[in-house]
Each structure stands twice: as C-alpha cells, then as structure tokens.
Amino acid sequence: EQTDSFFEAVGGEETFQRLVHRFYEGVVEDPLLRPLYPEDDLDGAEERLRMFLVQYWGGPNDYSQQRGHPRLRMRHAPFVIGEPQRDAWLKHMGDAVQTLDLPPEQEKRLWDYLVYAAHSMINA
Ligand code: HEM
C-alpha cells in the first residue's frame, strides 16, 4: 500500500530529489565518472535516476511510464563499469545518503540496496 511504502516513510518525492541531486553534484566533479554521462543532459540523467528510485521504493511509477521496463544491466551495457567506476558511484551515493540524515534503520536499508545494485552493474 502506498501509505506504508518505504518511499513515504523516508519523506517521499523530496527525499529522492535531494538524494539524486546531491549524487550528481558529486558526479559532475568526478573525472572518472563525468565522461560516462551525457555531456549536455545531466538534468535528464538526474530525472531518470530519481524516477527509478522513487518507483523502486513504492512511489509513483513515472519511470516505467516514460522508460518502460528498467532492464538496468542492459541499459548500462554501453558504459564500461569496473570496480573503480562502481566505487566512485558508491562514494558519491554514500555522501548523498548521509546528507539525508535518515534514521539508522532506514539509512541501512537504502544503503544496502544501493551497494547490492552497484555491484550487480559491473560489466568490465
Ligand atoms: C543511467 C552509470 C549504477 C540506475 C546511467 C547512465 C550512466 C550510468 C552513465 C546514463 C545516464 C543517463 O543518460 O540516464 C552508472 C555507473 C554505475 C551505475 C558508472 C556504477 C555502478 C547504477 C545503479 C543504479 C543505476 C546501482 C540503480 C540503483 C540508473 C538508471 C539510469 C542509469 C535508472 C537511467 C536508465 C534509463 O532509463 O535510461 N547510469 N550507473 N545505475 N542508471 Fe546508472
């Protein structure tokens, strides 16, 4: 049920907006990751990641309406993602998660998922 979702529990749309915005502030400064992302559509990339995470955690399903089935491994196939890229991605995401100041249990649940998902995206 929508009202019981993790999405609602952590603060809804605003929380994911903050999370992903902060994450991309890190990406912009990162010489390893920045070249992987679209040169002039970082706002679009930010929106896609936000919509995905919102939907994953039980919020509105705008992601699938606009993008279809996530198929995340397939969508990442064009990018070389080895351990250095994964670790850089997780570093910025970790910084972003911490700025949310979530209760420890919620923070752990969110972080455990992100770590797992990032490990599963390795393709090189
Ligand atoms: C898209 C890199 C991990 C979710 C992208 C894009 C890049 C990228 C370069 C294209 C940006 C765009 O135009 O949308 C990476 C790297 C990762 C990583 C280097 C390191 C492990 C993850 C993880 C998730 C994720 C763990 C999910 C929890 C997404 C989503 C998109 C995306 C939802 C947009 C897909 C679409 O609809 O086209 N990623 N990613 N990524 N990434 Fe990642």
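For the structure given in this document, a descriptive report is provided here. (Residues numbered from 1 in each chain as written. Predicted model: local features only at pLDDT ≥ 70, side-chain atom pairs only at ≥ 80, totals over all residues. Heavy atoms only, no water.)

**Re the coordination of the iron atom of the ligand**
- You will see that the iron atom of the ligand has only one donor from the protein, His76 (NE2), lying 2.0 Å away.
- Position of His76 relative to the elements: it lies in helix α5 (residues 72–76). (Donors = N, O, S within 2.8 Å, 3.2 Å for Na, K, Ca; no water. Helix = DSSP H or I, 4+ residues; strand = E, 2+ residues; numbered from the N terminus.)

**Considerations on the side chain of His92**
- Tracing the sequence through the fold places His92 in helix α6 (residues 83–99).
- Given the relative accessible area of 9%, His92 is considered buried.
- Not counting residues within four places of it along the chain, the set of residues in contact with His92 comprises Phe23, Gly26, Val27, Asp30 and Leu33. (Buried < 20%, exposed > 50% of the residue type's maximum accessible area, 1.4 Å probe, protein only. Contact = heavy atoms within 4.5 Å.)

**Some words on the layout of surface pockets**
- Estimated volume of the largest pocket: approximately 710 Å³.
- Every residue lining the largest pocket is counted, 26 residues in all, and those nearest its centre are Tyr24, Tyr37, Leu49, His76 and Phe79.
- Contributing elements (two or more residues each) for the lining of the largest pocket: α2 (13–28), α3 (42–56), α4 (62–67), α5, α6 and α7 (104–120).
- The biggest single contributor to the lining of the largest pocket is α3, with five residues. (1 Å grid on protein atoms, 1.4 Å probe; cavity = no way out; pocket = protein on both sides within 12 Å on 5 of 7 lines; lining within 4 Å. Points joined across faces, edges and corners; volume = space filled by probe spheres on them.)

**Overview of the site of the ligand**
- Around the ligand, 20 residues are found, and the nearest of them are Arg48, Tyr63, Arg67, His76 and Trp89.
- Note that an oxygen atom of the ligand is positioned 2.5 Å from one of the side-chain N or O atoms of Tyr63.
- A distance of 2.8 Å separates a nitrogen atom of the ligand from a polar atom in the side chain of His76.
- Among the cavities detected, the one that contains the ligand is the largest pocket.
- Among the secondary structure elements, those contributing two or more residues to the shell around the ligand are α3, α4, α5, α6 and α7.
- With four residues, the single largest contributor to the shell around the ligand is α3. (Near = heavy atom within 4 Å. Polar contact = N/O pair within 3.5 Å; in protein donor to acceptor, adjacent residues only side chain to side chain. Sits in = over half its atoms within 2 Å of the grid points.)

**With respect to the pattern of salt bridges**
- Summed over all chains, the structure comprises five salt bridges.
- Between Asp95 and Lys91 there is a salt bridge, with the nearest N and O atoms lying 3.5 Å from each other. Residue Asp95 and its partner Lys91 are located together in helix α6, separated by four residues, close to a single helical turn.
- Judged by relative accessible area, which is 33%, Asp95 ranks as partly exposed.
- Between Asp112 and Lys108 there is a salt bridge; the shortest N-O distance is 2.5 Å. With Asp112 and Lys108 both in helix α7 and four residues apart, the pair spans about one turn of that helix.
- Of the residues examined, Asp112 reaches a relative accessible area of 37% and is grouped as partly exposed. (Salt bridge = Lys/Arg side-chain N within 4 Å of Asp/Glu carboxyl O.)

In short, shape yes, function no, at least from these values alone.
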